[in-house]
Amino acid sequence: MALLEFEKVNKYFGESHVLKDIDLEVDEREVCVVVGPSGSGKSTLLRCTNRLEEIQSGEIRLDGTPLTDPNADINVLRQRIGMVFQSFNLFPHKTALENVALAPIKVKRLPEEEATERAHRLLERVGLGNQTGSYPSQLSGGQQQRVAIARALAMDPQVMLFDEVTSALDPELVGEVLEVMRDLAEEGMTMMVVTHEMGFAREVGDSITLMADGEIVERTPPAQFFERPATERGRKFLSKLL
Ligand code: ADP
Ligand code: MG
């Protein structure tokens, strides 16, 4: 069953038509990898999903609930969608533990003790059980990004959106973040992942969605996408990676 559905989604920035009749269904437990050239609309698609951007027509639904209904409570919907960006945006004056526990306390009104205990467990899950008291400046980029993932998980989302979360990292730190994402996928998290990491896309992705010029060009299982893409544009995209 589709957990996240995009139906005829159109998004404009002024005159510029950046999402064109997007139809896409992401199943429960699916890892939907989105690739495509810069400017093709990948970030905009994710940002529309948690209403950081508004769409002009169409509908995005999570578990059957329209996310894009103007009357929908955005704050409630956003709790169901975790998002991690290229920039970690951690609170610099809070520890890793406080960064993870904060939103559950403030937004979900979880008792502090419970939120703290959960934050401990989440930091352990991303391999940072021994860094709970560290401030962001004391952590590497890879560690900060893992805190950001734990922070998103703290709201207990139904789906996680990842937008090029390893693009700003030094190459030697990319692996530890992808490892956490791979574990999440194995645990059955539904994920949309925009990435340039083709090894990850191939191994962890259940499907590869290629975007170009605001359109979905093809959506193919990874083995097929990397061996014999269904479209000429797919072939062109792959040939540029070599
Ligand atoms: P991608 O993530 O695939 O690189 P984006 O979704 O960031 O692509 O951008 C898609 C298109 O929308 C690009 O042409 C970009 O310049 C434009 N765009 C993105 N954000 C804005 C914005 N806030 N205002 C105007 N144009 C934007
Ligand atoms: Mg982008």
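In every chain, residue numbers begin from 1 and rise along the written sequence. Both sets of labels track the order of writing: A upward for chains, 1 upward for ligands. Local features are withheld for residues below a pLDDT of 70 in this predicted model, meaning they are given only at 70 or higher, and side-chain atom pairs are given and counted only at 80 or more; totals for whole chains, interfaces and linings count all residues. Side-chain numbers come from the whole structure's heavy atoms, not from hydrogens or water.

A. Representation of the pairing of strand E10 (residues 215-220). We call two strands paired when DSSP finds no fewer than two bridges between them. Numbering of helices and strands runs from the N terminus; a helix is a DSSP stretch of H or I covering at least four residues, while a strand is a stretch of E covering at least two. Across five bridges, strand E9 (residues 207-212) lies against E10 in antiparallel orientation. Note that in E10 the partner of Ala212 across the bridge is Glu215. The antiparallel pairing of E9 with E10 creates a hairpin that spans two residues between the two strands, and Asp213 there sits at a positive phi of about 50°.

B. Looking closely at the UniProt feature "domain: ABC transporter" (unreviewed entry) in the chain. UniProt positions are given in the numbering used here, feature names are shortened, and annotations may be inferred rather than shown by experiment. Mapped onto the present numbering, the UniProt feature "domain: ABC transporter" (unreviewed entry) falls at residues 4-238. Across residues 4-238, helical content stands at 37% and strand content at 26%; the span's end C-alpha atoms are separated by 27 Å.

C. The site of ligand 1, seen in detail. We call a residue near a molecule or strand whenever a single non-hydrogen atom of that residue lies within 4 Å of it. The full set of residues close to ligand 1 is Phe13, Val18, Pro37, Ser38, Gly39, Ser40, Gly41, Lys42, Ser43 and Thr44. Pairs of N or O atoms within 3.5 Å make up the polar contacts considered here, provided that, within protein, one atom can donate a hydrogen while the other can accept it, and that residues adjacent in sequence are counted only when both atoms are side-chain atoms. Contacts to ligand 1 include Gly39, whose backbone N or O atom sits 2.7 Å from an oxygen atom. A distance of 2.9 Å is found between an oxygen atom of ligand 1 and a side-chain nitrogen or oxygen belonging to Ser43. Out of a free accessible area of 560 Å², ligand 1 has 57% covered by protein chains. Residues are sorted three ways: Asp, Glu, Lys and Arg are charged, Ala, Val, Leu, Ile, Met, Phe, Trp, Tyr, Cys and Pro are nonpolar, and all the rest, Gly among them, are polar. Taken together, the residues of the shell around ligand 1 break down into three nonpolar, six polar and one charged. All accessibility values rest on the Shrake-Rupley procedure with a 1.4 Å probe; residue burial counts only the protein chains present in the view.

D. Fine view of the pattern of salt bridges. Only one rule defines a salt bridge in this text: a Lys or Arg side-chain nitrogen within 4 Å of an Asp or Glu carboxyl oxygen. Tallied over the entire structure, the rule returns 16 salt bridges. Residues Arg51 and Glu54 are paired through a salt bridge, measuring 2.9 Å at the closest nitrogen-oxygen approach. Partly exposed describes any residue whose relative accessible area lies between the buried limit of under 20% and the exposed limit of over 50%, with all areas from a 1.4 Å probe on protein chains only and scaled to the type maximum. Owing to a relative accessible area of 9%, Arg51 belongs among the buried residues under this scheme. Relative accessible area serves as the criterion here: at 35%, Glu54 is assigned to the partly exposed category. Arg125 is the partner of Glu187 in a salt bridge, and the nearest nitrogen-oxygen pair spans 2.6 Å.

E. Region of interest: the packing of helix H5 (residues 141-153) against helix H6 (residues 171-186). Lines are fitted to the C-alpha atoms to define the axes, a helix being fitted only along its stretch in contact, and any angle between axes, read from their N-to-C directions, falls within 0 to 180 degrees. Between H5 and H6, the shortest axis-to-axis distance is 8 Å and the interhelical angle comes to 20°. Considering their axes alone, H5 and H6 lie roughly parallel with respect to each other. Crossing angle aside, the handedness with which H5 passes H6 is right-handed. Of the residues in H6, those in contact with Gly141, Gly142, Gln143, Gln145, Arg146, Ile149 and Leu153 of H5 are Leu173, Glu176, Val177, Val180, Met181 and Leu184. Of the residues that constitute the contact of H5 with H6, the class distribution is seven nonpolar, four polar and two charged. If an angle is under 35 degrees, it is roughly parallel; if it is over 145, roughly antiparallel; if it lies from 65 to 115, roughly perpendicular; otherwise it is oblique. By definition, turning the near helix anticlockwise from the far helix through less than a right angle yields a left-handed crossing, and turning it clockwise yields a right-handed one. Contact between two residues is taken to exist if any of their heavy atoms lie within 4.5 Å; hydrogens are not considered.

F. The sheet that holds E10, seen in detail. The strand order E6-E7-E8-E3-E9-E10 describes an open sheet built from six strands, whose pairing is mixed. In the strand order of this sheet, the two ends are held by strand E6 (81-84) and E10, each with one partner. Averaged over all adjacent pairs, the angle separating strand axes in this sheet is 20°, with direction ignored. Running over the sheet, H6 touches strand E3 (31-35), strand E7 (159-163) and strand E8 (190-194) and is turned about 150° from E8.

G. Structural detail: unusual backbone geometry. Of note, Arg29 is a non-glycine position whose phi angle comes to about 75°, a positive value. By the secondary structure assignment, Arg29 is in the loop between strand E2 (16-27) and E3.

H. Expanded view of the environment of Met192. Looking at where Met192 falls in the secondary structure, it is placed in strand E8. The exposure class assigned to Met192 is buried, which follows from its relative accessible area of 0%. Separated by 111 residues in the primary sequence, Met192 and Ile81 have C-alpha atoms spaced 11 Å apart. Once you skip the residues sitting within four places of it in the chain, Met192 turns out to touch Leu4, Phe6, Leu24, Val26, Cys32, Val34, Leu45, Leu46, Met160, Leu161 and Phe162.

I. Summary view of the side chain of Thr220. For Thr220, the position within the fold is in strand E10. Given a relative accessible area of 4%, Thr220 falls into the buried group. Within the structure, Thr220 has its side chain in polar contact with the side chain of Glu218 (distance 2.4 Å).

J. Looking closely at helix H4 (residues 112-125). Between its first and last C-alpha atoms H4 spans 20 Å; for 14 residues at 1.5 Å apiece the expected length is 20 Å, and the two agree. Of the positions making up H4, those classed as buried are Ala115, Ala119, Leu122 and Leu123. Relative to the axis of H4, the buried residues are bounded by an arc of 95° and lie together on one face. More than 90 degrees from the buried face of H4, the exposed residues found are Glu113 and Glu124. Where H4 is buried, its residues meet helix H3 (96-106) and H5. Just downstream of H4, Gly127 is the residue with a positive phi angle, here 80°. The length a helix should cover is 1.5 Å for every residue beyond the first. In this description, the arc belongs to the directions extending from the helix axis to the C-beta atoms.

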